[in-house]
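Examination of the molecular architecture
The residues making up each chain are set out below.
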Amino acid sequence: MKNLSVMIKPASSLCNMRCKYCFYADISSIREQPSYGVMTSETRKKVLSNIFSQLDSGDSITFAFQGGEPTMAGIGWFRQFIQEARQLAGDGIQISYAFQTNGLLLDDDWLNLFKEHHFLVGLSLDGPKDFHDRNRPDAHGNGTFAHLLDIKKKMDRLHVSYNILTVLTNAAARHPQKLWNFLNEQQIAWVQFVPCLAPLDGEQNVYALTPERYASFYTALFDLWYPTLTQGRPMSIKLFDDLLALLAFGQETACGITGHCHPQIVVEANGNVYPCDFYAVDEWLSGNLQEDNIRTLYDSSAHASFRSRPRTMPEQCGDCPYASICGGGCPRMRSSVFCSSRDGFCGHRAFLDAAMPRLSRLAAEIRRRSV
Ligand code: SF4
Ligand code: SF4
């Protein structure tokens, strides 16, 4: 029984916002062709056909839409996608949907579509108004916070499943208490902090999170979060959930959490496939889903060499007590967010030093309750 996950970028790198730290604007700018525009209906049909040709009754597939900004393909594009996928799946293949969006184009029609087809929505919201509007203006330079908060409240009323994605810039990470207060005031139950990365060419910028700030932010956040565990329903914070799943059951719920790449199928709007969203660049082009099927793409030489890239471990990892559960983490995070060149400092290790005794106790408790 297969359980596949495919990320699709229906509008390539097109976006109606101008976030100052956008990682996909950086990645796509490295390619010979930065944007492939909106996926045509012909490409969509071929892509779907080559995906479902490898699935059998009893299998399941998750389509995760991302961008750029996927809503720029238009709601009709998604209605067609859902209909065509349903036809190809028949009764025996289960389909799930996830959708990451900046939220700017969302309205009642979009929210009803998400609700009807049980989408899990990732809504980008960078905390309080001044934090969010500083870095996430629309294409005209206007703030987007008010609209997003309105959308978030509508999703609450309609019971659309969502989590909040908050980009952790180096400046925002100075304020764990303010971010924590905001999340609680807005009764946000699920949040993922996304470390802001330096560009792929390695050059630092003012937005990129440093290892020192990573450590101080997560240590303070953990101190705020931990006591709330005994007060009913605690907030779900992705990094803490991932670490607990790993410690309690050995489950890897985040790519790279133990230092290994798990190549994915990331589909650009022209059908091009790459092994990872962080590396959707010409060098790692694995094939094209208009001609290839999922099996041949997983077996492609680009996917194979991506999987077998030598792991270059920083010096810091040599004597690290967490090496067996971290292994240097995701390579894209390792050099920019975890390990600094200063004094062998690792931000993730410093955070784990502070949190591990409590994380271990929690993991033991979760394990005990699960039997
Ligand atoms: S670079 Fe990171 S996210 Fe990409 S496949 Fe490797 S571990 Fe996963
Ligand atoms: S030093 Fe940091 S990156 Fe290396 S294994 Fe330890 S926690 Fe992971």
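Refer to the structure presented above.
So, here's what we can say about the structure. Positions within a chain are numbered from 1, following the residues in the order the chain's sequence is written. To read the labels, note that chains go from A and ligands from 1, taken in the order they are written. Per-residue local features are limited, in this predicted model, to residues with pLDDT of at least 70; the limit for side-chain atom pairs, both in listing and counting, is 80 or more; totals at the level of whole chains, interfaces and linings are taken over all residues. Side-chain descriptors were evaluated using all non-hydrogen atoms of the structure, hydrogens and water having been removed beforehand.

1. Some remarks on the overall build of the protein chain
Note the cut-off: Strands here mean DSSP runs of E at least two residues long; helices mean DSSP runs of H or I at least four residues long; both are numbered from the N terminus. The size measure is the radius of gyration over C-alpha atoms, and the globule rule it meets is 2.2 Å times the number of residues to the 0.38 power. The cut-offs for exposure are 20% and 50% of the maximum accessible area for each residue type, with area from a 1.4 Å probe on protein chains only; residues under the lower value are buried, those over the upper are exposed, and the others partly exposed. Throughout, a contact is declared for two residues whenever any of their heavy atoms are within 4.5 Å. Here the Shrake-Rupley method, with its probe set to 1.4 Å, supplies the accessible areas, and only the displayed protein chains count as covering residues. Positive: Lys, Arg. Negative: Asp, Glu. His and the chain ends are not part of the count. We put the charge of a Lys on NZ, of an Arg on CZ, of an Asp on CG and of a Glu on CD.
Assigned secondary structure in the protein chain consists of 14 helices and ten strands. Computed over the C-alpha atoms, the radius of gyration of the protein chain is 21 Å, within 12% of the 21 Å expected from 2.2 N^0.38 for a compact globule of 371 residues. Dimensions along the principal axes, computed over C-alpha positions, put the protein chain at roughly 55 × 50 × 45 Å. Residues classed as buried in the protein chain amount to 51% of the 371 residues present. Counted over contacts in the protein chain with a minimum sequence separation of 6, partners at least 24 positions apart contribute 71%. A total of about 16,900 Å² of accessible surface is found on the protein chain, and carbon and sulfur atoms cover 51% of it. Put simply, the protein chain has 36 plus and 38 minus side-chain charges, and the middle of one group is 5 Å from the middle of the other.

2. Focus on the site of ligand 2
Our working rule: Whether a residue is near a molecule or strand depends on its heavy atoms: it is near if one of them lies within 4 Å of it. A cavity here means a set of points on a 1 Å grid, drawn over the protein atoms and nothing else, where a 1.4 Å probe fits but cannot get out; a pocket is an open set with protein on both sides within 12 Å along at least five of seven lines, and a residue lines either one if it has an atom within 4 Å of a point. In this scheme, a molecule is assigned to a cavity or pocket if more than half of its atoms are within 2 Å of the grid points. Lys, Arg, Asp and Glu make up the charged group, whereas Ala, Val, Leu, Ile, Met, Phe, Trp, Tyr, Cys and Pro make up the nonpolar group; the residues left over, Gly among them, are polar.
Contacts to ligand 2 come from Q316, C317, C320, A323, C326, G328, F338, C339, C346 and R349. Among the cavities detected, the one that contains ligand 2 is the largest cavity. For the shell around ligand 2, the class distribution of residues is seven nonpolar, two polar and one charged.

3. What about the pattern of salt bridges?
Rules: In what follows, salt bridge is the name for a side-chain nitrogen of Lys or Arg lying within 4 Å of a carboxyl oxygen of Asp or Glu.
Across all of its chains, the model carries 16 salt bridges by this definition. Across the pair E42 and K46 runs a salt bridge whose closest N-O atoms are separated by 3.5 Å. Of this pair, E42 and K46 are both found in helix α2 (residues 41-52), four residues apart, which corresponds to roughly one turn of the helix. Judged by its relative accessible area of 53%, E42 falls in the exposed class. Residue classification places K46 among the partly exposed residues on the basis of a relative accessible area of 35%. Measuring nitrogen to oxygen at the nearest pair gives 3.1 Å for the salt bridge that ties R349 to D319. Of this pair, R349 sits in helix α14 (residues 347-370) while D319 is found in the loop between α11 (301-307) and α12 (323-326), placing the two residues 30 residues apart along the sequence.

4. Structural notes on helix α3 (residues 75-89)
What counts here: By definition here, a helix of n residues has an expected span of 1.5 Å times n minus one.
For α3, spanning 15 residues, the distance from its first C-alpha to its last is 21 Å, which sits close to the expected 21 Å at 1.5 Å a residue. Turning to α3, its buried residues number three or more, namely I75, W77, F78, F81, I82, E84, A85 and A89. Once α3 ends, the next one or two residues include G90, with phi positive near 60°.

5. Things to note about empty space enclosed by the protein
Applied cut-off: Grid points are joined across faces, edges and corners, and a volume is the space filled by probe spheres set on the points.
Summed over all chains, the structure comprises two cavities of 30 Å³ or more. Here the largest cavity is characterised by a volume of approximately 100 Å³. Lining the largest cavity are 14 residues; nearest its centre among them are C317, C320, C326, G328 and C346. Listing elements by their share of the lining of the largest cavity, those giving two or more residues are α12 and α14. If you tally residues by element for the lining of the largest cavity, the top one is α14, at three residues. Quantified by volume, the second largest cavity comes out at close to 50 Å³. Lining the second largest cavity are D126, F131, R134, N135, V167, T169 and A172. Ranked by residue count, the leading element in the lining of the second largest cavity is helix α5 (residues 129-135), at three residues. Its residues assigned to classes, the lining of the second largest cavity shows three nonpolar, two polar and two charged.

6. Points about the site of ligand 1
Surrounding ligand 1, one finds C255, G256, H260, C261, H262, Q264, C276, F278, Y279, F306, C330 and P331. Here the residues of the shell around ligand 1 sort into eight nonpolar, four polar and no charged.

7. Observations regarding the packing of aromatic side chains
Spelled out, the test is: Pairing of aromatic side chains requires ring centres within 6.5 Å, counting the rings of Phe and Tyr and the six-membered ring of Trp. Pairs whose planes differ by under 30 degrees are stacked, by over 60 edge-to-face, and all others tilted.
Taken as a whole and judged by the stated rule, the model has 37 aromatic pairs. Each ring, one from F99 and one from W110, has its centre 5.8 Å from the other, and the planes form 55°; the classification is tilted. In this pair, F99 sits in strand β3 (residues 94-101) while W110 sits in helix α4 (residues 108-116), placing the two residues eleven residues apart along the sequence. For the pair F99 and W110, a shared accessibility class is recorded, and that class is buried. Among the aromatic residues, ring-to-ring pairing joins F52, F63, F65, W77, F78, F81, Y97, F99, W110, F114 and F119 into one connected group.

8. Some points on the layout of surface pockets
Here the second largest pocket is characterised by a volume of approximately 450 Å³. Those elements that place two or more of their residues in the lining of the second largest pocket are α9 (238-249) and α14. Class assignment for the residues of the lining of the second largest pocket results in 13 nonpolar, two polar and five charged.

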